[in-house]
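# Structure assessment
The primary structure of each chain is shown beneath.
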Amino acid sequence: MNRPLRIVAAVLVAGAALQTLLWSRQWVYGDQYALLLPALEFLETDRLAPYAKTMSGGGRIPGSLLSLLIGLPLRVWPDYRAPALIIGLFHVAAVAVLSTCIGRALGARFVAAYLSVYCLSPWRLYHAGFLWEPGYVFLPAALHLASTYRLREQPHVGWSLLLTGTLTLAVQLHASFAVLAILTALLAARRLIRIEWRGALLGVLAGGLTLIPTLRALFAGTLPRIVPQETEDFSRVLVGVLNALKSLVYWPRLGSLDIGRRLRETVYVDAAGAEPGVWTSIVSSLTTVIITLSIASVAIALLASWRYFQRHPSLDLADDVGRESSMRWFRSYAWWCFVAMCTAATVSPVPLQGWHIVIAFHAACLPVAAWFRAAFWGQSSLLRAVATSFVFLEVVVVLALAFGHPMYRPLSGDQLIRQDLPDVIRSLVPGRSRPRP
């Protein structure tokens with residue numbers, strides 16, 4: 001087995017192990033209640049609601065797709081961890097789609113570098129282990145890249161169907177679908193894709209089947225507001241400006257190890273204060289070092305994006321001969337995804353948060369992967385060491401989240417009894433703990 005394939009195999013095994021670990025340690029809080037309760041109501045009544053969840057800003061996720069994705073696994077296995085199995089499968093499928101597409105287009109070395117960034121990233125793995133609607137968007141993002149790449153030269157019914165079907169279903173998963181919708185429009189306007197409109201219409205019709213309850217409620221006049229309202233705390237212009245600035249910062253962060261407050265929320269940060277001792281002091285200090293290195297890794301992603309979009313010669317290696325056209329297309333895709341992300345953030349009526357833009361994560365990994373590829377197979381031993389350290393630190397950050405973040409520290413005993421779990425959700429916890437007094 002050659003070196004790129006060894007790297008791919010090692011990364012896939014490590015990614016699967018970490019994802020399984022996170023899934024096994026997941027827990028449920030308010031955001032999960034908001035998804036589980038409508039799904040449980042669907043199971044009880046066998047009626048699909050016109051929307052799945054109320055979003056930030058007062059908007060609602062239209063359609064019945066989420067209720068089906070959450071409710072049907074619960075019907076098979078009535079356990080709070082069951083719906084996250086589907087999210088995990090979505091992530092496995094996303095990795096498979098991206099590996100196949102990028103591997104065929106850019107070669108084994110590039111896909112090995114790409115998976116080293118994408119598959120082990122804390123951004124992906126954090127969202128892969130528990131029930132939360134942003135966790136579903138990684139597969140639509142991967143399918144978007146694969147279908148648009150196949151439409152780059154000529155129209156095709158099947159790939160056009162997949163593209164528009166993916167967009168129509170993504171509407172029913174998370175409001176960040178707007179990034180993919182804007183990106184599709186930009187790619188079409190720049191003639192980087194050629195859509196076959198009969199296939200596109202079939203895709204909309206197929207993806208829209210789970211929107212039938214929403215359309216019925218709309219025509220009956222019973223559909224509540226779907227679009228989020230503007231925040232009352234800041235003016236619309238100020239929110240747009242702040243979101244635009246934040247989106248510029250989020251792009252390099254998506255390709256880095258800096259997952260923001262998630263690391264700072266781990267129990268290790270204040271361990272020394274909560275339980276003084278030599279060991280807790282060491283753990284707290286090490287966590288501070290990890291956080292610092294994670295923030296510093298943004299510089300690598302920023303440099304990688306700058307060189308990638310500037311077509312720096314250090315990122316064009318000799319064995320890329322014959323792949324120049326594909327390389328240019330992927331670079332354009334990443335650039336216009338960045339533009340689409342910034343545009344969607346600017347027009348959003350609610351303040352931008354990290355989970356609003358993880359749908360662009362797959363594209364933000366491309367510049368860093370190009371830098372990794374140059375580092376792994378270049379002449380500089382220093383760059384190779386930096387890239388290897390980056391991958392090692394990815395695993396360390398994920399392990400810190402797996403054992404230290406509240407979402408991955410399941411409650412038991414008195415803590416579980418005191419949690420304000422709705423009784424119907426409490427029944428999904430193994431052991432069926434006593435209700436809160």
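These numbers come from a predicted model, not from an experiment.

## Comments concerning the overall build of the protein chain
- Helix and strand content of the protein chain: 20 helices and two strands.
- Here the protein chain has a C-alpha radius of gyration of 22 Å; the compact-globule value for 437 residues is 22 Å, and the two agree.
- Dimensions of the protein chain, computed from C-alpha atoms along their principal axes, come out at roughly 65 × 65 × 50 Å.
- Expressed as a percentage of its 437 residues, the buried residues of the protein chain come to 54%.
- Of the contacts made within the protein chain by residues no fewer than 6 positions apart, 78% connect residues no fewer than 24 positions apart.
- Only carbon and sulfur atoms are counted for the fraction: they give 64% of the accessible area of the protein chain, which is about 19,400 Å².
- Charge-centre separation for the protein chain: the mean point of 38 positive side chains lies 7 Å from the mean point of 23 negative side chains.

## Here's the deal with the environment of leucine 115
- Within the secondary structure, leucine 115 is located in helix H5 (residues 108-118).
- Of the residues examined, leucine 115 reaches a relative accessible area of 0% and is grouped as buried.
- Sequence-wise, leucine 115 and isoleucine 7 are 108 residues apart; in three dimensions their C-alpha atoms are separated by 8.8 Å.

## Examining the pattern of salt bridges
- Taken as a whole and assessed by the stated rule, the structure comprises nine salt bridges.
- Its salt-bridge partner being aspartate 79, residue arginine 81 comes within 2.8 Å of it at the nearest N-O pair.
- Each of Asp31, Lys53 and Glu133 takes part in a single network of salt bridges with overlapping partners.

## Let's talk about the environment of tyrosine 114
- One can find tyrosine 114 in helix H5.
- On the accessibility criterion, tyrosine 114 (0% relative accessible area) is buried.
- Between the alpha carbons of tyrosine 114 and tryptophan 371 there is a distance of 9.6 Å; along the sequence they are 257 residues apart.
- Excluding residues that lie within four positions of it along the chain, tyrosine 114 makes contacts with Leu98, Ile102, Cys119, His362, Cys365, Leu366 and Ala369.
- In terms of polar contacts, tyrosine 114 uses its side chain to reach the backbone carbonyl oxygen of histidine 362, at 2.7 Å.

## Remarks on the packing of aromatic side chains
- Scanning the entire structure with this criterion turns up 24 aromatic pairs.
- Where phenylalanine 130 meets tryptophan 132, the ring centres are 5.9 Å apart and the plane angle is 20 degrees; that geometry is what we call stacked.
- Residue tryptophan 132 is classed as buried on the basis of its relative accessible area, which comes to 8%.
- A connected cluster of aromatic rings, assembled from ring pairs, spans Tyr126, Phe130, Trp132, Trp355 and Tyr408.
- Seen from the ring of tryptophan 377, arginine 3 lies directly overhead, with NZ or CZ sitting 5.0 Å from the centre.

## Examining helix H15 (residues 278-309)
- Taking 1.5 Å per residue as the helical rise, H15 with its 32 residues ought to reach 46 Å, and the 47 Å between its terminal C-alpha atoms agrees with that figure.
- At the C-terminal side of H15, arginine 311 shows a positive phi close to 55 degrees.

## Regarding a nonpolar patch on the surface
- A contiguous nonpolar surface patch, about 600 Å² in accessible area, is contributed by Val237, Leu238, Val241, Leu242, Leu245, Leu248 and Val249.
- Within the secondary structure, leucine 242 is located in helix H12 (residues 236-254).

## Quick look at the environment of glycine 240
- Mapped onto the elements of the fold, glycine 240 is located in helix H12.
- Placed 111 residues apart in sequence, glycine 240 and proline 351 show a C-alpha to C-alpha distance of 8.1 Å.

## Remarks on the packing of H15 against helix H17 (residues 361-376)
- Between H15 and H17, the least distance of the axes is 8 Å, while the angle of their chain directions is 90 degrees. The pairing of H15 with H17 is recorded here as roughly perpendicular in orientation. Contacts between H15 and H17 involve Ile300, Ala301, Ala304, Ser305, Tyr308 and Phe309 from the former and Leu366, Pro367, Val368, Ala370 and Trp371 from the latter.
- When its residues are assigned to classes, the contact of H15 with H17 shows 10 nonpolar, one polar and no charged.

## Some details on H17
- When the terminal C-alpha atoms of H17 are compared, their 22 Å separation across 16 residues agrees well with the 22 Å that a helix rising 1.5 Å per residue should span.
- Largest kink in H17: about 30 degrees, centred on proline 367.
- With 16 of 16 residues buried, H17 lies mostly within the body of the structure.

Parameters and conventions
Residues numbered from 1 in each chain as written. Predicted model: local features only at pLDDT ≥ 70, side-chain atom pairs only at ≥ 80, totals over all residues. Heavy atoms only, no water. Helix = DSSP H or I, 4+ residues; strand = E, 2+ residues; numbered from the N terminus. Rg over C-alpha atoms; globule rule 2.2 N^0.38 Å. Buried < 20%, exposed > 50% of the residue type's maximum accessible area, 1.4 Å probe, protein only. Contact = heavy atoms within 4.5 Å. Areas by Shrake-Rupley, 256 points an atom, 1.4 Å probe, with all protein chains shown as cover. Lys, Arg positive; Asp, Glu negative; His and termini not counted. Charge placed at Lys NZ, Arg CZ, Asp CG, Glu CD. Salt bridge = Lys/Arg side-chain N within 4 Å of Asp/Glu carboxyl O. Polar contact = N/O pair within 3.5 Å; in protein donor to acceptor, adjacent residues only side chain to side chain. Phe/Tyr/Trp six-rings, centres within 6.5 Å; stacked < 30°, edge-to-face > 60°. Lys NZ or Arg CZ within 6 Å of the ring centre and 35° of its normal. Expected span 1.5 Å × (residues − 1). Patch = residues over 30% accessible without salt bridge, like charges linked within 9 Å, V, L, I, M, F, W, Y side chains within 5 Å. Axes fitted to C-alpha atoms, helices over the stretch in contact; angles between N-to-C directions. Parallel < 35°, antiparallel > 145°, perpendicular 65-115°, else oblique. Nonpolar A, V, L, I, M, F, W, Y, C, P; charged D, E, K, R; others polar. Bend = angle between axes of the 7 residues up to and from the residue.

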